[in-house]
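Commentary on secondary and tertiary structure
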Amino acid sequence: MITRAEPVMGTVVSFLVERDGLADDAVEGLLDEACAELHRLDDRFSAWKPASELSRLRRGEVTTPSALMREVIELSEIARAMTAGYFDPWSLPGGFDPTGLVKGWAAERALAVLAEGGVAAALVNAGGDICVIPGTTYDVGVQHPSVRDALCAVIRVDAAAATSGVYERGEHLCHPFGGQATAVSATVVGGRLAIADAFATALAVGGIDVLDLVESTPGLEGFFITRDGVLAQTSAMDLGRDRIASA
Amino acid sequence: MKRLLTMLGATAAGFTGIVALHGSPGKSGSLVRAAPTTTTTAPKPGAPTTTAPSGPSNATAIGPLENYSYGVMSVKVVIANHRIVDLKVQKLQTLDSYSTQLATYAVPILKAEVLKAQGIRINAITGATYTSEAYAYSIQGALDKLRFK
Amino acid sequence: MSRRPSSTAFYATLVVGGVGLGLVLGLPLVDGTLSEIHLGGGLAMFLGSTSGLAGTYAALLMVVMASRAPALERTLGQDGVLRWHRRLAPWTIGLIAAHAVLLTIAYAQAAHSGVWGEVGVLLRTFPNMVTATVALAIMVLIGLISIRQVRTRIPRERWWVLHLFMYVALALAFAHEVVLGPSFVRHPIAQYAWTLAWVAAALLVLTYRVGVPVYRSRRHQLRVAEVLREGPNVISVILEGRSLDRLAIAGGQFCEWRFLTPRLWWQAHPFTVSALPQPPYLRLTVKGVGDFTRALASVAPGTRVAMEGPYGAFTVHAQRRRNAVLIAGGVGVTAVRSLLEDLPLKSRPVVVLRAATEAELVLADEVEELVRVRKGTTHRLVGNRDEVPMEAIVRLVPDLAKRDVFVSGSTGFVRDAAAAVQRAGVPADALHQEIYAL
């Protein structure tokens, strides 16, 4: 197992890679490449860097978006439609801001670098947005929303998982139980990470309404915890309690 | 009148005193909020370049203090049988913390259970918060100290 | 104006109180509440935190004053302590009520939910919020019965017992303050300081309102020896007790008395000691209009009596000049009667006794005798206010402006007499008042 933690995109992206016959150097090289990809995407999609393509697009300086930008716009449209508008990058002040989805999408592209280089099993965790190379299942702990050093679930991830909502009093919130968000913690498992990421944000905002959407979307499961400490989940969501109890 | 002025003066003194003593409020919050653009992002502890094939079988290390948006945290990592068996927030300072007052009803708290169940190996932790980033940094720092890779 | 306190101590007290208020008002600025003011509910949160802190601080001051700690009474004056206690009361209850309303609004705004729904959420989710809400209800009820129009319809002693529930409310509210208050959570110094302040206030009250009175009552073992009728609605109660030579009481002071019968034990009444102890006896004289005085008239000899006090600054210790004039309206004569005992021989006091009728001139003979021994003059004036104007009283004493003036009587009598006396050139620090509110 080779690990790396790369500070990029305003968070830490960590990698777990099974060597499986690959040379250490080869894996390190692939990790370098994956990290370089993340930095490239950060340069292009950072809403904070004035020179990024996204910032220029927001200022109206871009007439023909790049292929990557068109991909992100298209994904944003899909995500907006799938979440019934609860995730809407166009509704934010300052214009189009796909940040809620770009991190997951970028993690997937970094993971693709590893997979194309011959890695058979790997996990990329971009500040809680997790994707893995299909074929291996990883146990992912979901941080408990109020007990700092505890988990509230151990979920099995064989594709992607994302958590949204704010545990601490983050910038979206001013109050313990969630402020402007309905859920203090919302997790969506399955599908593409970019979509799961968008759904997690939507679930945190929309609560039970969005949980119904998750339930009816094939391949996606999810749960959220309200500010009153009540947990609601989709029917096939596995929170790991049984496994842990029997282990 | 003299009494009123005395009272007001004393009130102003107490008021100024506490504000001055405490320092400017909300500093850490605004600092990290600006983090994505500036170099104020917490420095990455250690250099995760070399790879030691195996770490110690049993050890404990405390990661460095990391800033997160509302304070400072450091994470303690306990390893047994080549596995992370405990992650503890060793030090956490917040401006204030209603969140610690949160009562938990139906939400499971998996902690002792996870440790007892050695069969469960947590590969990653999700929770998209500033804390989790600081958490990740600090964990990584602790792991680097142990060369647990 | 009662005994003049040392002005250094007085200003030191003002400074301590002011600094405390400043510290408390500064807390929401440094605990992070201010930095969130622009967020949803942030403004209400900030205002609510501030009003809660200010209101509870006012309550703390009220409790300290209610302790009647002798040092505090010396500094602020006994009437000053009471006056401030009363003045702060509406602020305490108003600010705390505003705190509850504002914070509920703040949480509802932050959560984008309704205010009523948020009440349920607050009660169900936060620790100690149920007790805090009970505390709020008690405070509001006490506030309601203290509104002048309501209060005048409730017997004084009943209101007094009800208002003691404020202590229960403050105790119930305490936990939510330190466990939930952004100024105290994770601010251990603020938390300890706040806790310490309240423990100190509680100790003051327990010491001076419970401990010392119980100790004195046990030491003196007072019992009713005799009940005498002095005049219309005026009775004297002679008490018999032990070690009365060790009871440090000055003429003009009063105590809170409890007659320990099954019907009366819960009421404490402030009655002036009309004759200083002549061991083993002590005399109180009471003018009453209510049930209590009727009940008192039939209290059997041998009934045990508990005391709290003595209180009051209407004593010779307040005197600033060589000579004094004592002006008593009606039952105000009781304080004047015992104060006279403390005046030295040859002090040539002038005493003016006024009553509406001859029968109401109680204790007049005793007063006259005490004055005669001191080479002074006694004036008896009978008639209502139109027949005996205040200016007439003032004119009876030619050197009035050179004397200390002690005035005791009903609220209206003292107010009018004080005004007349001041018009005659007596400065405020030489004027001493004792008011009998019936």
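For the structure given in this document, a descriptive report is provided here.

The rules behind these values
Residues numbered from 1 in each chain as written. Chains lettered and ligands numbered in written order. Predicted model: local features only at pLDDT ≥ 70, side-chain atom pairs only at ≥ 80, totals over all residues. Helix = DSSP H or I, 4+ residues; strand = E, 2+ residues; numbered from the N terminus. Buried ≥ 20, exposed ≤ 12 C-beta atoms within 10 Å, placed from the backbone. Contact = placed C-beta atoms within 7 Å. Axes fitted to C-alpha atoms, helices over the stretch in contact; angles between N-to-C directions. Left-handed = near helix turned anticlockwise from the far one by under 90°. Nonpolar A, V, L, I, M, F, W, Y, C, P; charged D, E, K, R; others polar. Expected span 1.5 Å × (residues − 1). Bend = angle between axes of the 7 residues up to and from the residue. Pairing = 2+ DSSP bridges.

1. Quick word on the overall build of chain A
Across its full length, chain A carries 7 helices and 10 strands. Taking all 247 residues of chain A together, the buried fraction comes to 56%. Of all intrachain contacts in chain A linking residues separated by at least 6 positions in sequence, the fraction that spans at least 24 positions is 52%.

2. Focus on the packing of helix α3 (residues 67-82) of chain A against helix α4 (residues 99-116) of chain A
Residues and elements named next belong to chain A. Relative to each other, α3 and α4 sit at 115°, their axes nearing to 10 Å. Crossing angle aside, the handedness with which α3 passes α4 is right-handed. Contact residues: α3 offers Val-72, Leu-75, Ser-76 and Ala-79, while α4 offers Leu-101, Val-102 and Trp-105. Across the contact of α3 with α4, the residue classes break down as 6 nonpolar, 1 polar and no charged.

3. Side note on helix α2 (residues 42-66) of chain C
An α-helical turn contains 3.6 residues, so any two residues separated by three or four positions project in the same direction. All names here are of chain C. Counted at 1.5 Å a residue, the expected span for α2 with its 25 residues is 36 Å, and the 36 Å between its end C-alpha atoms agrees. Buried residues dominate α2, accounting for 22 of its 25 residues. Phi for Arg-68, located one or two positions after α2, is positive at around 50°.

4. Focus on helix α10 (residues 188-220) of chain C
Residue and element names in this part refer to chain C. Here α10 is 33 residues long and its end C-alpha atoms lie 46 Å apart, about the 48 Å a rise of 1.5 Å per residue gives. The sharpest bend along α10 comes to roughly 35°, located at Thr-207. If you check which residues of α10 are buried, you get Ala-190, Trp-194, Ala-201, Arg-216 and His-220. Buried residues along α10 sit in contact with α1 (7-30), α2, α9 (165-180), β1 (222-231) and β6 (304-311). Positioned one or two residues after α10, Gln-221 has a phi angle of 45°, which is positive.

5. Points about the sheet that holds strand β5 (residues 138-143) of chain A
Taken in spatial order, the 3 strands of this open sheet run β6(A)-β5(A)-β5(B), and their pairing is mixed. The sheet terminates laterally at β6 (151-157) of chain A together with β5 (124-126) of chain B, the two strands that pair on one side only. Put simply, the sheet's adjacent strands are angled 35° from each other on average, direction ignored. Taken together, the 3 bridges between β5 of chain A and β5 of chain B define a ladder with parallel strand orientation. Opposite Val-142 of chain A, over in β5 of chain B, you have Thr-126 of chain B as the bridge partner.

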